[in-house]
Structures are given as structure tokens and as C-alpha cells.
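One-letter residues, chain by chain:
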There are 2 protein chains.
Amino acid sequence: MKSRQFLLASRPVGTPTADNWDYVETDLPPLSVGQIKVKVLYISLDPAMRGWMNEGRSYIPPVAIGEVMRAGGVGEVLESSDPNFAVGDFVSGGFGVCDFAVIDTKGVHKVDPKLAPLERYLGVLGMPGMTAYFGLLNTGQPKAGETVVVSGAAGAVGTVVGQIAKLKGCHVVGIAGGTEKCQYLIEQLGFDGAIDYKNQDVKKGLKATCPNGVDVYFDNVGGDILDDVLSKINMKARIVVCGAISQYNNTMPVKGPSNYLSLLVNRARMEGIVVFDNIKDYPKAAAEMAGWIAQGKLIAKEHVVEGLATFPDTLLMLFRGENFGKLVIKVDHTS
Amino acid sequence: MKSRQFLLASRPVGTPTADNWDYVETDLPPLSVGQIKVKVLYISLDPAMRGWMNEGRSYIPPVAIGEVMRAGGVGEVLESSDPNFAVGDFVSGGFGVCDFAVIDTKGVHKVDPKLAPLERYLGVLGMPGMTAYFGLLNTGQPKAGETVVVSGAAGAVGTVVGQIAKLKGCHVVGIAGGTEKCQYLIEQLGFDGAIDYKNQDVKKGLKATCPNGVDVYFDNVGGDILDDVLSKINMKARIVVCGAISQYNNTMPVKGPSNYLSLLVNRARMEGIVVFDNIKDYPKAAAEMAGWIAQGKLIAKEHVVEGLATFPDTLLMLFRGENFGKLVIKVDHTS
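As annotated in an unreviewed UniProt entry, chain A is NADP-dependent oxidoreductase from Aliiglaciecola litoralis.

Here it is as C-alpha cells:
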């Protein structure tokens, strides 16, 4: 059986281009014991993928040149040599950017299409949802009445951060690009305020929407917006460093936060998170979030782009701020 | 009675110059109830003074133009209208940069010249010692066997941070300027390693002296050294932001730490401290440190410069990295 795959052809300098990818068709190997063959239905596109394309030390090894690009996905089991997985099961795992995959079942788990649309297991009920849940609650530690600001607010993580903060009784402000996204945050997700960084001065926006200052900042973007928020933090504020998408395609060094001494003045804290550290608590978090979704208290939003071949360009939507909710590719299958 | 005083004449742009000061002789006012007249014997010079000269929001208000420059000091009570203080008592308080002061007794406390030389109450037994003690123990939270790195290591705070970390069983490395200071850290204070940032590559120095990476970094300097250490931190490392003396005279914006995303990769934390927050626990800390000094486990080092008139220039020694231990002025008195 053939698989269409995107291989990492070279390491990007700055923004990834078509040249960084080889789009190939390969014969899949036969199954070894403990493996399954999966028809990949949805592929998760995440800002972290940009980091995996770089060489060098990070929280997981880089993707090697010539290797299938790493990606989470959901799919259907076509063949199994693991008694825990049956043909027809729906599963989530790191299948890579491809339409069919043969993979060890370690790290693969079943998902239930009756409980939620399959793509949701890559969003609220997947890694971005877990990132939001644990990053906000364990590291941000928001208390009722406090002000929580989140950047990348209309993205996969940001939408969930803001809604959980509302559930915890906080005043919630999102920073996102464009009028449509900002309206969505307020009108659909119940945010108290939204700042359109593409058309507004963020500092002024913070002043207007956060009259009591900022107690928790969940940062997905870094760059100037991080500095703007640092200038408005309260005593003992907590800044959750989840990502810095504004910096991932830099060819220059990362812009460090010039206002970091605001941490000193305000006895505040800036702390990094990586979602995998909470893996043993995923089931509890997923159950709680599924409950919120069922009660209509947590709205999931996915942004679905059709066609595996769109991958190189669809990935860039993340860095242009074009996705609205969790970005996934719906895989087409010729066979 | 006359007092010689340094008044803030103008706010410096970059490094303070002689023009920023007015050196005047003024008649002291008569005592109101609850005041004392003090003969100032030692004046504390601290990096924080540079911040107090700036306009704008910080953890305490700036010194006003025309006001006596704020400074801690120790002195002798010459007159008292507060029954808690007697003529001849030795006291520590915020007397300012002057030779005689009339001051409210709020915030003034007695010190005992039999227990320690008077200048020590501005160092190990004063604000710098408290900063080191609480910043390291409460925020750095070093555990035996961990590696603790401190910058400004030969300064008032750094010397104490490193020695307390040794007492807690840590591997301790200091970053300081010059061979003499580095030798002192190792030979006299028992540091395990020292990096001479004026003559060595700090990154290479860290690699050589911290084979197990960095668990706690106590930062007094900011700038490139903060970035160098960020590149070597371990999982769950704690960075104590105590100061950033390399940036205080900047006319350009502060250099933010480009490597701050190392916090994310390593799930590490960067947290600011201000010593005043621990004021109610000072007596306990002072008692413990006095015990260590008495047992020879904690060595105090002061750098004494003679003469009030030297103040503008002596202050700059801090920013040139010329002080070796706690910098104080020993005040001369003509009357």
C-alpha cells in the first residue's frame, strides 16, 4: 500500500518554503508486532512544528532531514497487530503529515466519534486543550475576580484559555488579529474584552480593557505584545510562557522582553510550560472539559482546510495569523 | 546645626554625572516630636539608587528634584524627641546622602556596635544580606546538590548568596569581574567556581564550571550574562531577578533576554524579588546570619571609601564593577 508523505527536505531559514519539503509517495512496510496501519483523517497543524524543523536542543528532538514531518492526527485503524486495537477503531497519535501510516501503538489512543467530531480530538480534547487547561490552571493560577489576558486568543489554545478563565470567574481579555476574531471572542466565547493587534495599539487596548491591570498573562506570541503586557502587570502577576509564534520564523535573534524588569518591580513570575509534563492527568482534564462542552460552557472551534497537498501553505496560515480556531487538514484519500 | 547634603539636581540620562548633584550645606530644622538628630557615620551605596533617580513608576517613588538623595546609613543619635531612642544610640535608617540628618524614627532601628562593625549593618546584616537570604531561599529554593550561579558575585548581595548556597550544600559558581575577585570567591568564600566576565567567555566558563547545568541563577546584572546563563539552565530551573546593573545606565531600551524561550523548553521560572516584602521576617534572618558569621561560616566583606564629598564618583564604582564587597562611604565630619 502506498502512502503520500511530506518529508522534511531541508531546514528552513526564516519562514518555511516549498523547497523545505519533499512530497513523495512511498510503499508502506508490512506491520511488525505492536503496530497498526492507520488511514489518517485529520492532521493537526501547530506552531510548535516550526521548532521541530530546526536543528538543536529543544524539549523533543528535531525532525531529521528525510523524515516524515511530525504531526498529531486522528485516523481509522485499517490493520492491526496489537490486540488492543481493532480494525475500524478511531485513534489519535503522531502519524505525521501523510495519508496512511504504519506506526507503533505506543502513544496512540482510541477516540470516540460518537462523543465528539474527530477533529475535536486535535483541538479542545487534544494537545491544545490540554496546554490551555494545565498552563492556565497550574501555572497561571487564576483566582476569581482577577484579570486574565491571553494572546493568540482566537487560536486553538487561546480560545480555550479564555473560556476556562471565564469559568473560573475572571475578567478575560483576548488579543487577536482582525475585527472578526475579536467580535467572535466577545460575542460567542464571552470574553470581556478583545484587542485587535493588527488595527489597534495594544498598550492602549490593555489600558481600556484591563482597568485593574493584568494578573495572569498567557503568552502564545512573544515579541512586542509580551512587552506591552509586561508594562501593565500587577503585583505577583503570573506570565505563562506557552509560545512565541511572532518569533519562530526569525532569522535574527529572538526579541527578548525589554520590559522584563517589570517582573522585579512587581515581584512577578514568568514560567514556561510544556504540555507533555501533564500526561498522567490528561484523562481527568479531558473529562472535565468534555463536561463543560456538553453543558455548553466551552465552545470548540476548528478551522478545517481540505487536502493533504495543501500542507506547506496551510502551515503558514498559523504564522500569518490566518487560522481561526484549531487549524487541521482534512486528508483526502485517493485509495 | 549645619548638614552637608547631596541633592538630586536633575535626572541623569545614562550614567550620572557631577551635574546631576547639588552639594549643599543647609541648616537642620529643630526636632519635632518622634524625630531624632543623627550623626551619619556610614552611607550605603546600592545599585538600586540609580533607579530612584529616574522618574516614573517603580517599587518605591523616585527621589524628587531638589530632595536629599535617598540612601540607607548607620549613625549615632545626637538628639532625640522619641523616648525609644536615647542620645548615644547607634541606629540604622534612611538618612540620605548627608553628614547629619533630622529624621522621623519610623523605619529607624537600633544596631549594636559590640556585635558587629557598624558598616556591616549596611551589608550582610542589612538590606543586601536580607536580599540575598530571602531571594535565594524563598524564590531560588536551592536544594543540596543543585548548581547555583550568581552574578555580581563579589558584590554586597552576591557574596552572601553564594555563601548561603554553599551552606545549603549546593555547587556554587560566581560570575565577577577580574582575577582578584574570582580568586577571592574561591579561596576565601569557598565558591566551587568563578567566571571572570571581564576576561573570559561566560558561556564557556559556565560549561566548564557547571557540568550538571544550572538549577538556580541569582541575577544581579541582566544583559548578555543573563542570556548566557539562560542557555545553560536545567529543567525546572529558577531564575531570581534581583537586579540588572548592566542596564541601569542605558540610554537605549533595556536588553531583554533573547534566550527567554529557554524558560519554555525547560519549564523554568523567572521571578522578581524586592527585599522589603520580607520585612517582618528580617529579625529571624538577621539572627540566623549573625549565627553563621559567629561560627565563621559566613564571611562579610565591606568596601569602605572615605569622605562624603566622594559620593558622585563612589556611586559610579558600582556601575564600573569596581566595588569588592558591600560599598559604603565612611562619612567625615568637620563638626
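Colleague: Could you clarify how one ought to interpret the overall build of chain A in this entry?
Modeller: Along the backbone of chain A there are nine helices and 15 strands. Its C-alpha radius of gyration of 20 Å places chain A within 12% of the 20 Å reference for a compact globule of 335 residues. Considering only C-alpha atoms, chain A reaches an extent of 60 × 45 × 35 Å along its principal axes. In chain A, the share of contacts with a sequence separation of at least 24, taken over all contacts with a separation of at least 6, comes to 66%.

Colleague: What's the story with the relation of the copies chain A and chain B in this structure? I'm lost.
Modeller: Here two copies of a chain appear, and what relates them is a rotation about an axis with a shift along it. When chain A is brought onto chain B, the operation consists of a screw motion whose angular component is 180 degrees and whose axial shift is 0.0 Å, with 0.0 Å RMSD remaining. Such a combination of turn and shift is consistent with a two-fold rotation axis. Among all residues of chain A, the minimum C-alpha distance to the rotation axis is found for Gly 256 of chain A, at 2.1 Å. A share of 100% of the interface residues of chain A reappears at the interface of chain B, consistent with the copies meeting face to face through the same patch.

Colleague: Where do I start with the domain arrangement of chain A in this structure?
Modeller: Size of an interface: often given as the accessible area lost when the parts come together. All names here are of chain A. Each assigned domain of chain A is listed with its residue range as follows: domain 1 (2-123 + 300-330) and domain 2 (127-276). Spacing between the C-alpha centres of domain 1 and domain 2 amounts to 28 Å. Taken together, the contacts link 20 residues of domain 1 with 16 residues of domain 2. When domain 1 packs against domain 2, close to 1,600 Å² is buried across both sides, 63% of that on carbon and sulfur atoms. Joining domain 1 to domain 2, the criterion identifies zero salt bridges.

Colleague: What is the right way to read the interface of chain A and chain B from this model?
Modeller: Taken together, the 34 residues of chain A in the interface contact 34 residues of chain B. Summing both sides of the interface, chain A and chain B together bury roughly 2,800 Å²; the carbon and sulfur share of this comes to 58%. Counting every contact that joins chain A to chain B gives four salt bridges. In this structure, Glu 271 of chain B and Arg 269 of chain A form a salt bridge, with 3.3 Å as the shortest nitrogen-oxygen distance. Counting only elements with at least two residues in the side of chain A that touches chain B, the list comes to helix H6 (223-230), strand E12 (233-241), helix H7 (262-265) and strand E13 (269-272) of chain A.

Calculation rules
Here, residues in each chain are numbered from 1, in the same order as that chain's written sequence. Think of it this way: whatever chain is written first is A, whatever ligand is written first is 1, and the rest follow in order. For a predicted model such as this one, the threshold for reporting local features is a pLDDT of at least 70, and the threshold for listing and counting side-chain atom pairs is 80 or more; totals across whole chains, interfaces and linings nevertheless cover every residue. Hydrogens and water are ignored here; the side-chain numbers use all heavy atoms of the structure. Where helices and strands are cited, they refer to DSSP runs of H or I of at least four residues and of E of at least two residues respectively, numbered from the N terminus. Note on method: radius of gyration uses C-alpha positions; expected globular size equals 2.2 Å times residues raised to 0.38. Contact between two residues is taken to exist if any of their heavy atoms lie within 4.5 Å; hydrogens are not considered. For this overlay, a least-squares fit was computed on C-alpha atoms, restricted to residues scoring pLDDT of at least 70 in both copies. Here the bounds of each domain stem from an automatic or database domain assignment. Buried area: the sum, over both parts, of the accessible surface (1.4 Å probe) that disappears when the two are put together. The rule for a salt bridge is simple: a side-chain nitrogen of Lys or Arg has to be within 4 Å of a carboxyl oxygen of Asp or Glu.

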